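Here is how the chains run, residue by residue.
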Amino acid sequence: MKTNFVFVLLSFLLAFSVSIQPAWGQKGKKDKSAKKEEVTFNQETDEYVFTKIIPVEGSNGREEKKEVSFKVPRKRVEDPLMKVFQIKKQLHCNTFCSDVKRIVQELGLDVPTEFNPKLAFNEGDIAFYAEGGYDLVDLIYELTSRKLALQALDVAEKTLALPKAREKWQGELSALADSFQEVIDMDGKFNGFIETYPDCIPGQPVISFTINKERTCFLVDKFRLDTAKKKISKLIDDEKVIELSSWTDVQKIADFFGLRDRTGCNDHLRPDRGDFQFFIEEDISTEDLIFLFAGRQVVLDAAREDNGDNNDNDNCIRINETGDLDFAVKTFIIPLIN
C-alpha cells in the first residue's frame, strides 16, 4: 500500500512539475523568466484579448489542435480576485487543506462547468495544493487563474482534450492558466489587492494532512496534541506502568485512551481481542504502544469533532481501514507528541 501511494504521488507531482510552479515568491514578486502569451487590453470593449493554440476535444472525440481567441472582460478578472481577497483574513498565511477547500468553494472550482465538467476539483486536487507548500498569496494567484481559464473555455465553447491519466488533467488546465496569469498581472490589480487586504491568520492553530487513498483533507486542532502529551506522560511516568504480558494488558491501554468508545462514523475501527492479541505477537514495546494508541485517539476524535459537527455522522470523516489510521498516526501525529 505504501509503495503504491508513493508511486502515485510521484507521478502526480511529475505531471504538475512544469506547469504549477508559483509565479509569485514569498514577497509577491513576479517571476519574469516565465514565458507568457501576448495579451492585449482593448479599451473600447474593456476586455483582455489573446489567442492560444490548445488541445481540444474534436467532434469525433479525438484531440485537435485549435487556435482559440479568448476575450476576457476586465470585471470577470477582478470579481473572483475580490471575492477571495475579501475572505483572506479568515485564511491561514501558510495554507492548510481547509484554506484550499475554502478558496476552491468560493471560486466554484468544485462545480462542474458546462464544457469541462471533468476538471472540477476533487479531494485529490485540493490535497495536492494543500501539500504544495504555497503561501496564501501564491495559492490565490494559482487558483484564480484556473477559474478564469475555465470560464473562458465555456465562453469559447471549447473542451480541453484530456489525457487518460486523471492526475494529469489539472496539468492541462495549468498550461492554459499561464496565459490568464498574465491577464491578472497586466494592470497591477493583483498587487493592489495584496496591499488592500494584507491580513491572514498567522501561526498554525491546527495541523492539516490527507488521509485514506482518496487523500481526504483532514484537520486536527492542536489542543488535542497537548492533551495527548499529558495523558502519555501520566501513563509512562506511572510507577505501575503496564507490562505487556497478555492481550488484556493491551486492552487496558486502549481503554485508557478510550479506543473502545463509540467513535461515530469510525466505529468499525474499534479494536477487539484479536487486535490486542496481534500486538502481543508483534512484541511491541509498551512505550511504542502508548504512543500509537494516543495518536489513534487524536485522529479518531478529530475525525468526528474537528472535521465534523458535534458528533454529526454526516460530516464525520470516515477512515477506511486501520492501516490508513495508523499511517496517519505514525506519519503526522507521533512526531508531534513524542
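Positions within a chain are numbered from 1, following the residues in the order the chain's sequence is written. With pLDDT at 70 or above as the cut-off, local features in this predicted model cover only qualifying residues; side-chain atom pairs require 80 or more to be listed or tallied, and sums for whole chains, interfaces and linings still use all residues. Hydrogen atoms and water are omitted, and side-chain values are computed over all heavy atoms in the structure.

Asks: Kindly report on the pairing of strand β4 (residues 206-211), identifying the contributing residues and their values.
Replies: Only protein chains enter the calculation, and the probe is 1.4 Å; a residue is then buried if its accessible area is under 20% of its type maximum, exposed if over 50%, and partly exposed in between. What counts as a helix is a DSSP run of H or I of at least four residues, what counts as a strand is a run of E of at least two, and both are numbered from the N terminus. Of all 6 residues making up β4, 5 are buried, and the element is well covered by its neighbours. A pair of strands is considered paired only if DSSP assigns at least 2 bridges between the two. By the bridge criterion, 6 bridges tie β4 to strand β5 (residues 216-221) in an arrangement that is antiparallel. Following the sheet pairing, I207 is matched in β5 by V220.

Asks: Just give me the short version of the state of the cysteines, but keep the residues and values in it.
Replies: Note on terminology: pairs of cysteine sulfur atoms within 2.5 Å are recorded as disulfides. Scanning the model with the defined rule gives 2 disulfides in all. The disulfide partner of C93 is C200, and the S-S distance across this bridge is 2.0 Å. Between C93 and C200, the disulfide has an S-S torsion of 105 degrees and is therefore right-handed. In this pair, C93 is assigned in the loop between α2 (74-85) and α3 (97-107) and C200 in the loop between α7 (189-196) and β4, connecting sequence segments 107 residues apart. Between the sulfur atoms of C265 and its disulfide mate C316 the distance is 2.1 Å. On the sign convention where negative is left-handed, the bridge of C265 and C316, at about -65 degrees about the S-S bond, is left-handed. Of this pair, C265 sits in the loop between α9 (247-256) and α10 (273-282) while C316 is found in the loop between α11 (286-304) and α12 (322-337), placing the two residues 51 residues apart along the sequence.

Asks: Help me get a handle on the pairing of strand β2 (residues 47-57), residues and values and all.
Replies: As paired strands, strand β1 (residues 40-42) and β2 are joined by 3 bridges and run antiparallel to one another. Bridge pairing in β2 places T40 opposite V49. The pairing of β2 with strand β3 (residues 63-73) spans 11 bridges and is classified as antiparallel. Directly across from I54, in β3, lies its bridge partner K66. Hairpin connection from β2 to β3: 5 residues lie between these consecutive antiparallel strands, with G61 at a positive phi of about 85 degrees.

Asks: Give me the sheet that holds β2: which residues, what numbers.
Replies: The 3 strands are arranged β1-β2-β3 in an open sheet whose pairing can be described as antiparallel. Strands with a single pairing partner mark the edges of an open sheet, and in this sheet they are β1 and β3. Mean inter-strand twist for the sheet, computed between neighbouring axes without regard to direction, equals 40 degrees. Contacts: residue pairs with any heavy atoms within 4.5 Å of one another. A fitted line through C-alpha atoms serves as each axis, taken over the contacting stretch for helices, and the angle formed by two N-to-C directions is quoted from 0 to 180°. In this fold helix α6 (residues 169-185) packs onto β2 and β3, with an angle of close to 170 degrees to the strand it touches most, β2.

Asks: Please set out unusual backbone geometry residue by residue, giving values where relevant.
Replies: In this model, E157 sits at a positive phi of 55 degrees, which is unusual for a non-glycine residue. Tracing the backbone through its elements, the reader meets E157 in the loop between α5 (136-156) and α6. According to the relative accessible area criterion, E157 is exposed, its value standing at 55%. The phi dihedral of D283 falls on the positive side, at around 55 degrees, and the residue is not glycine. Relative to the elements of secondary structure, D283 occurs in the loop between α10 and α11.

Asks: Residue-level account of the packing of α11 against α12, with values.
Replies: Put simply, α11 and α12 touch, their axes get as near as 8 Å, and they point 105 degrees apart. Judged by the angle between their axes, α11 and α12 are roughly perpendicular. Mapping the contact onto sequence places F291, L292, A294, G295, R296, V298, V299 and L300 in α11 and T322, L325, D326, V329, K330, I333, I334 and I337 in α12. Partitioning the contact of α11 with α12 into residue classes produces 11 nonpolar, 2 polar and 3 charged. Every angle not falling under 35 degrees, over 145, or within 65 to 115 is termed oblique; those three ranges are roughly parallel, roughly antiparallel and roughly perpendicular. Amino acids are sorted into nonpolar (Ala, Val, Leu, Ile, Met, Phe, Trp, Tyr, Cys and Pro), charged (Asp, Glu, Lys and Arg) and polar (every other residue, Gly among them).

Asks: Describe the confidence of the model for the protein chain, and please don't skip the residues or the numbers.
Replies: pLDDT measures the predictor's confidence residue by residue and takes values from 0 up to 100. Residue-level pLDDT values for the protein chain average 82, and 85% of them are 70 or greater. Scored below 50 in pLDDT, residues 1-36 makes 61 contacts in the model with residues more than four places away or belonging to other chains.

Asks: Provide a residue-level description of the nonpolar core, including the pertinent values.
Replies: Counting 48 residues, the largest nonpolar core has F70, I103, L143 and F180 as the members making the most contacts within it. Looking at this core, the elements with two or more residues in it are β2, β3, α2, α3, α4 (123-130), α5, α6 and α7. Excluding residues that lie within four positions of it along the chain, F70 makes contacts with Y48, V49, F50, K52, I54, A152, L153, A156, L176 and F180. For the purposes of this section, nonpolar cores are sets of buried Ala, Val, Leu, Ile, Met, Phe, Trp, Tyr and Cys residues that join through side-chain atoms within 4.5 Å.

Asks: Explain helix α8 (residues 223-236) to me, and be specific about the residues and the numbers.
Replies: Across its 14 residues, α8 extends 20 Å between first and last C-alpha, which sits within 8% of the 20 Å expected from 1.5 Å per residue. Taken residue by residue, α8 has R224, L225, A228, I232 and L235 as its buried positions. The buried residues of α8 occupy an angular sector of 95 degrees when projected down its axis, which confines them to one face. Along α8, the residues that are exposed and aim more than 90 degrees away from the buried face are K230 and K234. The inward-facing, buried residues of α8 contact β4, β5, α9, α11 and α12. The span expected for a helix works out to 1.5 Å for each residue beyond the first. Of all possible arcs, the one meant is that of the directions from the helix axis to the C-beta atoms.

Asks: Break down the packing of aromatic side chains for me, with residues and values.
Replies: When the centres of two rings from Phe, Tyr and Trp lie within 6.5 Å, Trp using its six-membered ring, the rings pair. Their planes under 30 degrees apart give stacked, over 60 give edge-to-face, and anything left gives tilted. Under the definition given, this model contains 18 aromatic pairs. Summarising the aromatic geometry, the rings of F256 and F257 are spaced 5.1 Å apart at their centres and angled 90 degrees between planes, so their arrangement reads as edge-to-face. The exposure class of F256 is partly exposed, given its relative accessible area of 27%. A residue is classified by how much of its surface remains accessible, and F257, at 1% relative accessible area, is buried. Three or more aromatic residues joined by ring pairs make a cluster, and in this case those are F85, Y141, F190, F193 and Y197. The rule is short: NZ of Lys or CZ of Arg within 6 Å of the ring centre and within 35 degrees of the ring normal puts a charge over the ring. Directly above the aromatic system of F193 lies the positively charged group of K189, at a separation of 5.7 Å from the ring centroid.

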